[in-house]
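Residue-level structure breakdown
Now for the letters of each chain:
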Amino acid sequence: TNQIGDLPSQFAGRLDLTTVTGLTTLDNLRSCSQIDEIRIRLSAIYKIKDFMPLSNYKNLWIYIEMEGESCLSDSVIESLSGLPSLRLRLDGYVSINLSPLTNLPNLKALDLDSYSCVTKAELQPVLGMNALEYLQFAPGSVPELGGCTFATAGKIAKLKLQLMTL
């Protein structure tokens with residue numbers, strides 16, 4: 001299927017698209033602004049060229065199942081970069097390369113809380129994420145940071161200072 005069927009405008013909660021193949025448009029989601037999470041596989045996200053139907057969503061998390069890949073491609077970054085506010089949850093990676101995410105000017109929240117620990121080196125690109133207000137990663141990843149959830153802009157600023165000294 002290349003598009004999502006009509007959903008009632010009051011549809012709320014999580015929309016799981018991980019079993020959908022061939023999806024090329026999100027147009028039918030324009031009127032469903034109560035969705036709080038869309039879950040999709042990395043292999044399926046490549047075909048979606050326009051994420052702007054999601055631009056009115058205020059608290060939407062886009063949950064990407066990375067399928068063992070370490071980063072999002074330039075084409076996916078370009079497609080997501082137009083959203084006025086972006087919250088990403090990435091899972092299913094072995095190692096993670098966050099560098100491409102620095103090209104997402106409106107990345108407000110990033111959740112890496114999966115079973116895979118991240119390293120100090122993998123977190124370094126956070127220094128270039130200027131809009132970031134929330135970061136979470138797997139417990140025990142970098143003990144010297146004193147936590148794994150940074151839930152305010154102030155805590156993110158302190159985290160960035162710590163990352164510069166590590």
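By convention here, each chain's residues receive numbers from 1 onward along its written sequence. Owing to the predicted nature of the model, reporting of local features is limited to residues with pLDDT of at least 70; listing and counting of side-chain atom pairs is limited to 80 or more, with chain, interface and lining totals taken over all residues. To get the side-chain values, all heavy atoms of the structure are used, and hydrogens and water are removed first.

Things to note about the side chain of Thr25
Strands are runs of DSSP state E lasting at least two residues, helices are runs of H or I lasting at least four, and both sets are numbered from the N terminus onward. With respect to the helices, strands and loops of the structure, Thr25 is situated in the loop between strand S1 (12-16) and strand S2 (34-41). Side-chain atoms alone can form a polar contact between residues adjacent in sequence; in general such a contact is a pair of N or O atoms within 3.5 Å, and within protein one must be able to donate a hydrogen while the other accepts it. Polar contacts involving the side chain of Thr25 include one to the main-chain amide nitrogen of Asp27, which spans 3.1 Å. We call two residues in contact whenever any of their non-hydrogen atoms come within 4.5 Å of each other. Excluding residues that lie within four positions of it along the chain, Thr25 makes contacts with Asn2, Gln3 and Ile4.

Notes on the pattern of salt bridges
Counted as salt bridges are all cases of a side-chain nitrogen of Lys or Arg within 4 Å of a carboxyl oxygen of Asp or Glu. For the structure on display, the rule yields 7 salt bridges. Between Arg89 and Glu37 there is a salt bridge, with its nearest N and O atoms 2.4 Å apart. Separated by 52 residues along the polypeptide, Arg89 in strand S4 (residues 86-91) and Glu37 in strand S2 bring together distant segments of the chain. Overall, Glu37 belongs to the buried group, its relative accessible area being 10%. In this structure, Arg41 engages Glu67 in a salt bridge whose closest nitrogen and oxygen atoms are separated by 3.9 Å. Of the two residues, Arg41 is situated in strand S2 and Glu67 in the loop between strand S3 (61-65) and helix H2 (74-80); the sequence distance between them amounts to 26 residues. Three labels apply to residues, based on accessible area from a 1.4 Å probe with only protein chains included: buried if under 20% of the type maximum, exposed if over 50%, partly exposed otherwise in between. Given the relative accessible area of 33%, Arg41 is considered partly exposed. Linked by salt bridges that have partners in common, Arg14, Glu37, Arg89 and Asp111 make up one network.

Re the packing of aromatic side chains
Two aromatic rings from Phe, Tyr or Trp, using only the six-membered ring of Trp, form a pair when their centres are within 6.5 Å; if the ring planes differ by under 30 degrees the pair is stacked, by over 60 it is edge-to-face, and anything between is tilted. All chains considered together, the criterion is met by 2 aromatic pairs. Centre to centre, the rings of Trp61 and Tyr134 are 5.9 Å apart; their planes meet at 80°, and the pair counts as edge-to-face. With Trp61 in strand S3 and Tyr134 in strand S6 (residues 134-137), this residue pair connects regions lying 73 residues apart in the sequence. A positively charged side chain is recorded as over a ring if its NZ (Lys) or CZ (Arg) lies within 6 Å of the ring centre. The angle to the ring normal must also be within 35 degrees. The ring of Tyr63 has Arg39 sitting right over it, with the charged end atom 4.1 Å from the ring centre.

Observations concerning the nonpolar core
Within the largest apolar cluster, 50 residues are counted, with the highest numbers of intra-cluster contacts made by Leu88 and Leu101. Ignoring anything within four residues of it in the chain, the contact list for Leu88 reads Trp61, Ile62, Ile64, Leu72, Leu80, Leu101, Leu104, Leu107, Ala109, Leu110 and Asp111. The term nonpolar core refers to a set of buried residues drawn from Ala, Val, Leu, Ile, Met, Phe, Trp, Tyr and Cys, joined through side-chain atoms within 4.5 Å.

Some words on helix H4 (residues 153-165)
Expected helix span is given by 1.5 Å per residue-to-residue step, counting one fewer step than there are residues. In a regular helix each residue adds 1.5 Å, so 13 residues correspond to 18 Å; H4 covers 19 Å between its end C-alpha atoms and thus fits that length. All of the buried residues in H4 are Ile156, Leu159, Lys160 and Leu163. Along the axis of H4, the buried residues cluster in a sector spanning 105°; they form a single face. Among the exposed residues of H4, those pointing more than 90 degrees away from its buried face are Lys158, Leu161 and Thr165. In this fold, the buried residues of H4 make contact with helix H3 (120-123), S6 and strand S7 (149-150). By construction, the arc corresponds to the directions joining the helix axis to the C-beta atoms.

A few points about the confidence of the model for the protein chain
Of the residues in the protein chain, 98% have a pLDDT of 70 or more, and the chain-wide mean is 89. Per-element mean pLDDT across the protein chain ranges from 89 in S1 up to 96 in strand S5 (residues 107-112). The pLDDT value tells you how sure the predictor is about a given residue, anywhere from 0 up to 100.

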